[in-house]
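# Summary of the model geometry
Read off the chains here:
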Amino acid sequence: MDWIRLISSATQVERENEPSEWEIYPISDFEKDYKSIISSAAFRRLQDKTQVFPLDKSDFVRTRLTHSVEVSTIARQLGLMVTSNTTEYVPREFKPYDPEKDSEPDKLLKVEPSVISEILSCAGLLHDLGNPPFGHFGEVVIRDWFAEEFEKDSFSYKGELIKNILTERMKKDLCNFEGNAQALRILSKIKHNPMGYDMNLTYSAINTLIKYPTNSLQIDDKSADVKFHKVGYFLSEEELFDTVCKSTGTKTEDNQYSRHPLTFLMEAADDIAYSTADLEDALKKGMFTVDEFITYFDSECAKINDTSKRNKSNDLIADLKKRLSEIETRDKENELIAFQKWSEYARKWFMYCVIYSFSKNYKRIMQGTYKDDLFASGFHQYSIKILKGTMAKFAFNLPEILKLELAAKKIISSLLKDFVYAVIHWEDEDESYKLNKAQKKLVNIISENYKNDYKHSRTADYRMNLYLRFLMVTDYISGMTDSFAKNLYRELNGID
């Protein structure tokens, strides 16, 4: 891979020409991406989508929108760090031209630091764009619903079981529904309405977003290569995915796909943001105390066999202990402030480790042979795992969270049942199979833009069309905010 192609500014639809007068104030294609994302309805809806705590009434805890802004900020800073670090591992492409050391300036290899940061800023904003209501639990509900439904005799199309109609790839797409793949699907919509206001982003921003260049038949969550752990694109977006990868050079000569190098940094920014910020929210909500956290951290540190890494983790928690010891009055508010300052301290160390790892493993990353995340083998490899484990220890199994997740399951499952069954024969009726009145009303409720997307995508293959109608429903439901989904569920079920 080379950066000339990796920072491709190509788009699905040619962008409008700007007034010639604007040439004296140039704005990069990637800054235009950023503005387009911020202005989009899909991004704005993240303000009412769960980060960790479904249907939470507190205005303190993060939403998907605030989380995405944090990830974007960290990703942007990582971009600046990787292009300007002074280590021996700094990539040649990011070093300034030195006339005494460089016989000739190979301008084709030069990469402007601002470009890297701009692309990463965009990817950070986009990374959760495809997540359904109620956080990652919403993804699980969609997957499980389809898996269960495929086994029912009632789930049929014109008298034939749907599980026998759809291809294995189509079924696996639905049974492995993934927000990452859904985000790419959202970004593909511009091709259906070039004159519309959907996001028309550069292929570099889109490719950086694709954490898993893998289809649903290839996924293996046990694989040593992280790119195979989840679905990165659905069958419906395979053509766009291939086009993007060809344009950026992440499609290899043997027709395999590599991660975009900046994807590693975007993924690390996401890990850093949620591993620290989610803890702040949980602490604020009283799911554990600072002392309980320290006890847990110490106990997990003791299990680390690597002495140098155990020492680094001990150093990290020692900083929190020191901050707490300096508090004059140990009340909850002061403890929270100390914890928030320590979280920022931890974030900086994690960022340091990520940049060191990226620079050290740069050659393998550019060759497409690096298989781990950027925390693997680093100083704080275990520290970030402990932080992630803290939520599982203190938060995820509390009755408060479990009740909210059960409510979310009931809402999404009910909506899926209503709308999926309503669209099975929609636009494909005959004398024997017609929509009843209730089904027609349900179809009418689905937003016109989703129905128009389907109509533009229709093929001559009835199996593909059935699959696309199911995706139309998942588009509609995954695009809902938590509040919209809850209110629609109540209205459809006659609940005041």
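Below you will find a few notes about this structure. Since the structure is predicted, the reported quantities are computational estimates derived from the model, not experimental observations. (Residues numbered from 1 in each chain as written. Predicted model: local features only at pLDDT ≥ 70, side-chain atom pairs only at ≥ 80, totals over all residues. Heavy atoms only, no water.)

## What to know about the overall build of the protein
Regarding its fold elements, the protein presents 22 helices and two strands. Here the C-alpha atoms of the protein give a radius of gyration of 24 Å, agreeing with the 23 Å that 2.2 N^0.38 yields for 496 residues. With 496 residues in all, the protein has 52% of them scored as buried. A fraction of 76% describes how many contacts in the protein between residues 6 or more apart in sequence connect residues 24 or more apart. With an accessible surface of roughly 23500 Å², the protein has 49% of that area assigned to carbon and sulfur atoms. Positive and negative charge centroids in the protein, built from 69 and 79 side chains respectively, lie 3 Å apart. (Helix = DSSP H or I, 4+ residues; strand = E, 2+ residues; numbered from the N terminus. Rg over C-alpha atoms; globule rule 2.2 N^0.38 Å. Buried < 20%, exposed > 50% of the residue type's maximum accessible area, 1.4 Å probe, protein only. Contact = heavy atoms within 4.5 Å. Areas by Shrake-Rupley, 256 points an atom, 1.4 Å probe, with all protein chains shown as cover. Lys, Arg positive; Asp, Glu negative; His and termini not counted. Charge placed at Lys NZ, Arg CZ, Asp CG, Glu CD.)

## Some remarks on the environment of K171
Tracing the chain through its elements places K171 in helix α8 (residues 168-175). The exposure class assigned to K171 is buried, which follows from its relative accessible area of 17%. Distance from K171 to F146, taken between C-alpha atoms, is 8.2 Å for residues 25 residues apart in sequence. Those residues in contact with K171, other than ones at most four positions away along the chain, are F150, K163 and L166.

## Some points on the pattern of salt bridges
In this structure the tally under the stated criterion is 34 salt bridges. The closest approach of N and O atoms between E149 and K152, which form a salt bridge, is 3.3 Å. Residue E149 is classed as buried on the basis of its relative accessible area, which comes to 4%. E344 is the salt-bridge partner of R347, the closest N and O atoms lying 3.1 Å from each other. Of this pair, R347 and E344 both sit in helix α15 (residues 332-360), separated by three residues, roughly a single helical turn. Counted as one network, the salt bridges with shared partners bring together R185, K189, E237, D453 and D475. (Salt bridge = Lys/Arg side-chain N within 4 Å of Asp/Glu carboxyl O.)

## Re the side chain of K189
Considering the arrangement of structural elements, one finds K189 in the loop between α9 (179-187) and α10 (203-209). Assessed through its relative accessible area of 8%, K189 is described here as buried. Ignoring sequence-local partners within four residues, the contact set of K189 consists of D198, D453 and D475.

## Some thoughts on the side chain of D271
With respect to the element layout, D271 can be found in helix α12 (residues 261-284). With residues up to four places along the chain from it excluded, the contact list for D271 reads F375, I384 and K388.

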